[in-house]
Amino acid sequence: MASSSTSSTSSPPSNLPLKPIPGDYGLPFFGPIKDRLDYFYFQGQDKFFQDRINKHKSTIFKTNMPPGPFIASNPNVIAVLDAVSFPVLFDTSKVEKRNVFVGTFFPSVSFTGGHRVCAYLDPSEPKHSSLKSFILSTLASKHDKFIPLFKTCVSELFIELEDQMAEKGEANYNTLNDTLAFNFFFRLFCDKSPNDTKIASKGPSFANKWLFPQLAPITTLRLPKFLNPLEDLLLHTFPLPFFVAKSDYQKLYDAFNKFSGPILDEAERFGIQRDEACHNLVFLSNFNSYGGLKTGFPALIKWVGLAGEKLHRQLADEIRTVVKAEGGVTFAALERMALTKSVVYEALRIEPPVPFQYGKAKVDMVIHSHDAAYEIKKGNMIFGYQPFATKDHRVFENPEEFVGHRFVGEGEKLLKYVYWSNGRETEDPTAENKQCPAKNLVVLLSRVFLVEFFLRYDTFIVEAGKLLLGSSATIKSLTKATSI
């Protein structure tokens, strides 16, 4: 079990007063709807939380989280929005992670073949250990393929990127990234290009259509204001049925079932039936992995692009020097690239791929922020908004700024406050915790992407925006490498 939350859940220091948790939930039914409208339409995510921090003069308070009625039976949460209190959500001896993967609601198991996949299980449940062990074993067995396969997929992205730049003068990075992410994970697990199967080039479309109804209750399409009531009714009031994604999911399942045979054979060694293993593999590949890179890589491109040419020169110099000295892009070479590693961690800090974490208190406990201690009762739902916790000004200097060298040298000590993986960056996923099983792979792929990018290009200009999930990145200018 991860020990990362010890400081958050132990007895508070004697100089911190024990206070009642501020805030309230409002009137039943109406309070959650008011908070939902504030969150999506009247204030927006960040202002929703910041206004309540200002009002209560506390980073720990009571509120309601969307979607509320009628999708979530109980939207009441205790929000923890600072770097000290947030890690209570990692301590599975104190919080239950059963059915809270996406929030205060649980999507129908129809979306996962009738199974509660590993992401929705608490480590105390018997199946969690076998499923998480199976996933970790599967990833470990593919270790030697990570770098060469990803380099191949990235090279394909660069060709398409350059074609778009030549034709249109700009390129939509997100669309290219969706293809990169889907193709990499399909080829990793199935040992076959999706283009050589019935999926062909439609993989990202199938995955997106399957993801959307599961995440719709906690998203907004950012439509014109006069359409907000209609959107709220359609997306946030009643769950979207599985049938809207059924045919797309079936195509994904059939392909994984057909082409990932060796992995599914191995699942039986962990006591997992083939059908359940396949649904977990589809979820791992298309929700955890594809979904993570779908938001994570555009954020990386966005922040590195906005940082400007000086950082680009520094990255290119480091990357090209180390690759030349090491004779290629290897694990050893990547470990020598201090700035490249720091830039990846900084992107994960400032815009984590998954902004929310939930857990239900298993026991009565006392948690504390920087300024006070608060008592949480068994059964309370605890909610963390990660972008606030990882931009805590009491921990990070200039937390709203992207600082590429933040985690270089002595800055590495701050990695314990990088929480994107549902755990500290200084810790690793195990069968007993809920940290993302692909945590180390995501960091590795992010580094390899930057390395391949700056081996090929000197600098670029990006235009950033917001999407349904994460940021958009449009590449407006791209300068090929003048020296390697």
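Our structure's up above, just so we're on the same page.
Residues numbered from 1 in each chain as written. Predicted model: local features only at pLDDT ≥ 70, side-chain atom pairs only at ≥ 80, totals over all residues. Heavy atoms only, no water.

S.K.: Help me understand the overall build of the protein in this model?
M.R.: Scanning the protein from terminus to terminus reveals 16 helices and 11 strands. At 22 Å, the protein has a C-alpha radius of gyration in line with the 23 Å of a compact globule built from 484 residues. In terms of its C-alpha atoms, the protein occupies a principal-axis envelope of roughly 60 × 50 × 50 Å. In the protein, the share of contacts with a sequence separation of at least 24, taken over all contacts with a separation of at least 6, comes to 71%. As presented, the protein carries roughly 20,100 Å² of accessible surface, and 54% of it is formed by carbon and sulfur atoms. (Helix = DSSP H or I, 4+ residues; strand = E, 2+ residues; numbered from the N terminus. Rg over C-alpha atoms; globule rule 2.2 N^0.38 Å. Contact = heavy atoms within 4.5 Å. Areas by Shrake-Rupley, 256 points an atom, 1.4 Å probe, with all protein chains shown as cover.)

S.K.: Would you mind showing me how to read unusual backbone geometry here?
M.R.: Glycine aside, the phi torsion of most residues is negative, and most peptide linkages are trans. With omega at 15°, the peptide bond leading from Pro 66 into Pro 67 counts as cis. Position of Pro 67 among the secondary structure elements: in the loop between strand 2 (60-64) and strand 3 (76-80). A cis geometry characterises the amide bond from Pro 69 onward to Phe 70, with omega recorded as 5°. Within the secondary structure, Phe 70 is located in the loop between strand 2 and strand 3.

S.K.: Quick question: what am I supposed to make of the pairing of strand 2 here?
M.R.: The two faces of the sheet receive side chains in turn, since in a regular strand these alternate between them. Within strand 2, 4 of the 5 residues are buried, leaving the element largely enclosed by the surrounding structure. Bridging between strand 2 and strand 3 involves 5 bridges; their strand directions are antiparallel. What sits directly across from Asn 64, in strand 3, is Asn 76. (Buried < 20%, exposed > 50% of the residue type's maximum accessible area, 1.4 Å probe, protein only. Pairing = 2+ DSSP bridges.)

S.K.: Would you explain the sheet that holds strand 2 in this entry?
M.R.: By definition, the strands of a sheet pair up through backbone hydrogen bonds, in either a parallel or an antiparallel sense. One open sheet holds the 5 strands; their spatial order is 2-3-9-6-4, and the pairing between them is mixed. The sheet is open, and its two edges are formed by strand 2 and strand 4 (95-96), each paired on a single side. One ladder, built from 5 bridges, connects strand 6 (residues 356-361) with strand 9 (residues 381-385); its direction is antiparallel. Following the sheet pairing, Lys 360 is matched in strand 9 by Met 381. Packing of helix 3 (residues 45-56) onto the sheet brings it into contact with strand 2, strand 6 and strand 9, and relative to strand 2 it is tilted by some 130°. (Axes fitted to C-alpha atoms, helices over the stretch in contact; angles between N-to-C directions.)

S.K.: Explain the side chain of Ser 471 to me, please; I cannot follow it from the model alone.
M.R.: Looking at where Ser 471 falls in the secondary structure, it is placed in strand 11 (residues 471-480). Its relative accessible area of 1% is what places Ser 471 among the buried residues. Looking at Ser 471, its side chain comes within polar contact range of the side chain of Glu 351, at 2.6 Å. Once residues lying within four places of it in the same chain are set aside, the contact partners of Ser 471 are Asn 174, Pro 298, Lys 302, Glu 351, Gly 465 and Lys 466. (Polar contact = N/O pair within 3.5 Å; in protein donor to acceptor, adjacent residues only side chain to side chain.)

S.K.: Whenever I open this one, the packing of aromatic side chains confuses me. Can you help?
M.R.: Centre-to-centre distance and the angle between the planes together describe a pair of aromatic rings. Enumeration according to the criterion identifies 50 aromatic pairs in this entry. Ring geometry for Phe 29 and Phe 70: centres 5.7 Å apart, planes at 45°, overall tilted. Of this pair, Phe 29 sits in the loop between strand 1 (18-19) and helix 2 (30-42) while Phe 70 sits in the loop between strand 2 and strand 3, and the two are 41 residues apart along the sequence. Aromatic side chains Phe 70 and Phe 238 sit 5.6 Å apart centroid to centroid with 15° between the ring planes, which places their arrangement in the stacked category. (Phe/Tyr/Trp six-rings, centres within 6.5 Å; stacked < 30°, edge-to-face > 60°.)

S.K.: Please explain the pattern of salt bridges as it appears in this structure.
M.R.: One side chain can pair with another of opposite charge once the charged atoms of both are near each other. Applying the stated criterion across every chain, the model contains 32 salt bridges. Here Arg 52 ties to Asp 35 by a salt bridge, and the two come within 3.3 Å at their closest N and O atoms. Of this pair, Arg 52 sits in helix 3 while Asp 35 is found in helix 2, placing the two residues 17 residues apart along the sequence. Each member of the pair Arg 52 and Asp 35 is classed as buried. (Salt bridge = Lys/Arg side-chain N within 4 Å of Asp/Glu carboxyl O.)

S.K.: For this particular structure, what's the right way to read the side chain of Asn 183?
M.R.: Tracing the backbone through its elements, the reader meets Asn 183 in helix 6 (residues 173-190). The class for Asn 183 is buried, based on a relative accessible area of 10%. Beyond its immediate chain neighbours, meaning those up to four positions away, Asn 183 contacts Cys 153 and Pro 194.

S.K.: Any chance you could explain a nonpolar patch on the surface here in plain terms?
M.R.: Where nonpolar side chains cluster on the molecular surface, the patch consists of Leu 27, Phe 29, Phe 30, Phe 70, Leu 230, Leu 233, Leu 234 and Phe 238 and spans about 860 Å² of accessible area. Here the nonpolar patch takes 3 residues from helix 8 (residues 228-236), the largest share from any one element. Assignment of secondary structure puts Leu 230 in helix 8. (Patch = residues over 30% accessible without salt bridge, like charges linked within 9 Å, V, L, I, M, F, W, Y side chains within 5 Å.)

By themselves, these observations are geometric and do not establish any function.
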